[in-house]
Amino acid sequence: MRKILIGLTAAVALAGCQPKPEATAPERDAKAVMEAFWKNTDANRFGANGALLADDIVFIDPIWGRYEGKEAATRFLAQFEGAGDCCCTLERLVTDGNVGWAFWTLHAPNDELPWGGVYQVKDGKIVFYQDIHQRVYSAEEQVAHKAAFKQAQDAKKSAKTRG
């Protein structure tokens, strides 16, 4: 009986020392997917990120709102291509399994704003992304921000049609 107890104790102790299974493909893909997302974003190719989104993605922006589904989220992102004098740069990307966060900066005329984003990747596609900004915008500020953005877009479109 004593030999059996010693054998069981040794087996239990050694079980915790076994090598862990290799990470699953979606976990390995998460960092590569988000690196591709930010490569597109840094290059002002927001619409190209649609290829990285899952069909059932939930994309949340604190100013612009919530977009559910690949088509809606892709349309939302694509509107920022060539949007005036603003650009985004990735500062740091952290991934832990299939989730992570990005620290990035929005460069706007006369301003630089720090942002963060949290995300989840499943089967090599982004299923959730939410931008986070420290500042809380009033309803009036949100309206003004959207109006200024639209004005910049309209000016750019007008310049293209004239040129």
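Above this note sits the structure.
Only a predicted model underlies this, so the values are computations on that prediction, with no experimental measurement involved.

1. Let's talk about the packing of aromatic side chains
Moving on, step 1. What the rule picks out here adds up to 11 aromatic pairs.
Moving on, step 2. Between Phe59 and Tyr129 the ring centres are 5.1 Å apart and the planes differ by 20°, which places this aromatic pair in the stacked class. With a gap of 70 residues between them, Phe59 in strand 1 (residues 53-61) and Tyr129 in strand 6 (residues 125-132) connect regions that are remote in the sequence.
Moving on, step 3. Its relative accessible area of 2% is what places Phe59 among the buried residues.
Moving on, step 4. An aromatic cluster is present here, built from Phe37, Trp38, Phe46, Phe59, Trp64, Tyr67, Phe76, Phe80, Trp104, Trp115 and Tyr129 joined pairwise through their rings.

2. A closer look at the pairing of strand 4 (residues 99-108)
Moving on, step 1. Looking at chain direction, strand 3 (residues 87-96) and strand 4 are connected through 9 bridges and run antiparallel. Each bridged residue has a counterpart across the sheet, and for Val94 the counterpart in strand 4 is Trp101.
Moving on, step 2. Sheet topology note: the strand 4/strand 5 (residues 111-122) ladder contains 10 bridges and is antiparallel. Residue pairing in the sheet places Ala108 in a bridge with Asp111 of strand 5.
Moving on, step 3. Between strand 4 and strand 5, which pair antiparallel one after the other, the connecting turn spans 2 residues, and Asn110 there sits at a positive phi close to 65°.

3. Thoughts on the nonpolar core
Moving on, step 1. By size, the foremost hydrophobic cluster in this structure holds 31 residues, and its most contacted members are Met34, Phe37, Trp38, Phe59, Ile126 and Tyr129.
Moving on, step 2. Of all the secondary-structure elements, those providing two or more residues to this core are helix 2 (25-42), strand 1, helix 3 (70-78), strand 3, strand 4, strand 5 and strand 6.
Moving on, step 3. It is helix 2 that contributes the most residues to this core, 5 residues altogether.
Moving on, step 4. Not counting residues up to four positions away in its chain, the partners in contact with Tyr129 are Met34, Phe37, Trp38, Val58, Phe59, Ile60, Trp104, Gly117, Val118 and Tyr119.

4. Focus: the sheet that holds strand 1
Moving on, step 1. The 6 strands lie next to each other as 2-1-6-5-4-3, forming an open sheet whose pairing is mixed. At either margin of the open sheet sits one strand with a lone partner, and together these are strand 2 (65-68) and strand 3. When the angles between neighbouring strand axes are averaged without regard to direction, this sheet yields 15°.

The rules behind each value
- Residues numbered from 1 in each chain as written.
- Predicted model: local features only at pLDDT ≥ 70, side-chain atom pairs only at ≥ 80, totals over all residues.
- Heavy atoms only, no water.
- Phe/Tyr/Trp six-rings, centres within 6.5 Å; stacked < 30°, edge-to-face > 60°.
- Helix = DSSP H or I, 4+ residues; strand = E, 2+ residues; numbered from the N terminus.
- Buried < 20%, exposed > 50% of the residue type's maximum accessible area, 1.4 Å probe, protein only.
- Pairing = 2+ DSSP bridges.
- Core = buried A, V, L, I, M, F, W, Y, C linked by side-chain atoms within 4.5 Å.
- Contact = heavy atoms within 4.5 Å.
- Axes fitted to C-alpha atoms, helices over the stretch in contact; angles between N-to-C directions.

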